[in-house]
Amino acid sequence: METVYFKGIPCHTYGDVPAVGDKAACYNFVTPELKEISCNDFKGKRVVLNVFPSLDTPVCAASVRRFNQEASSLENTVVLCVSMDLPFAAARFCTAEGLKDVVPASAFRSPMFAEKYGLELVDGPLAGLLARAVIVLDGDRKVIYRELVEEITNEPDYEAALSVLR
C-alpha cells in the first residue's frame, strides 16, 4: 500500500508500484477502437505508462499533451496513456486535441493492471480510479523508471522520465 494525496487528503493504493529493476507484469488495455492491446504487442519496444485518474481533469489532459509532444522524438518507444476512462472518452479527447503520437489505453476491463501495478486508489475522493504515475519499461518489460506522483493534482516529472529514454 502506498500513500498519495488528493488536494492534501491522504489516499491509499492497493499494493505497491513496481520498483526500478523489477520485471513488470503483463498488462491489457482497450484502445478507442475497442481493440485489446497487451504487453505482447510491444515486445522489444520501450513503453512509457503515463497513468492518471481521468482525461476530464486539466492535469491529466496536460500530461497526455506533453507526452504526445515528446513521444514523436523518442526512438523505439511507445507512450500508453492509461486511465479508467472509457475508450470513447479517450478517442474524443485525442481527436479534439489532434494527438496522434500516444496510445490512449483504457484499463476499465483490466482490474489486474491496477492491482499488479499498485495504482488503484482504494479510498479518498477518487477511490476506484488510478493514481498518477509514470512507469518506463525497457524492451523486456524491466522497470527503468518509476514515479508515483505524491500529490495527484501535480504533474509528473516529465524530464526525469524522458531522460532515461534519451
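As a convention, each chain's residues are numbered from 1 in the sequence order in which they are written. Residue-level local features of this predicted model are given only where pLDDT is at least 70; pairs of side-chain atoms are given and counted only at 80 or more, and the full residue set underlies all totals for whole chains, interfaces and linings. Derived side-chain values reflect all non-hydrogen atoms in the structure, with water molecules and hydrogen atoms excluded from consideration.

A.B. asks: Where do I start with the packing of aromatic side chains in this structure?
C.D. replies: The geometry of two aromatic rings is summed up by the distance between their centres and the angle between their planes. Each aromatic pair joins two rings of Phe, Tyr and Trp (for Trp, the six-membered one) with centres within 6.5 Å, and gets the label stacked for planes under 30 degrees apart, edge-to-face for over 60, and tilted for any other angle. Evaluated as defined, the whole model comprises four aromatic pairs. With a centroid separation of 5.2 Å and an interplanar angle of 20°, the aromatic rings of Tyr 27 and Phe 29 are classed as stacked. In this pair, the class of Tyr 27 matches that of Phe 29, namely buried. One aromatic cluster is present, formed by Tyr 27, Phe 29, Phe 113 and Tyr 117 through successive ring pairs. For every residue, the accessible area (1.4 Å probe, protein chains only) is compared with the maximum for its type, and the residue is labelled buried under 20%, exposed over 50%, or partly exposed between those bounds.

A.B. asks: I tried to follow helix α2 (residues 87-97) on my own but got confused; where do I start?
C.D. replies: For the α-helix, the turn length of 3.6 residues means that residues three or four positions removed from each other point alike. In this text, helices come from DSSP runs of H or I with a minimum length of four residues, and strands from runs of E with a minimum of two, each type numbered from the N-terminal end. For α2, the complete set of buried residues consists of Pro 87, Ala 89, Ala 90, Phe 93 and Cys 94. The buried residues of α2 all sit within an arc of 160° when viewed along its axis, so they share a single face. Exposed residues lying more than 90 degrees from the buried face of α2 are Arg 92, Thr 95 and Ala 96. Just downstream of α2 lies Gly 98, where phi reads positive at about 70°. Arc definition: it is the arc formed by the directions from the helix axis to the C-beta atoms.

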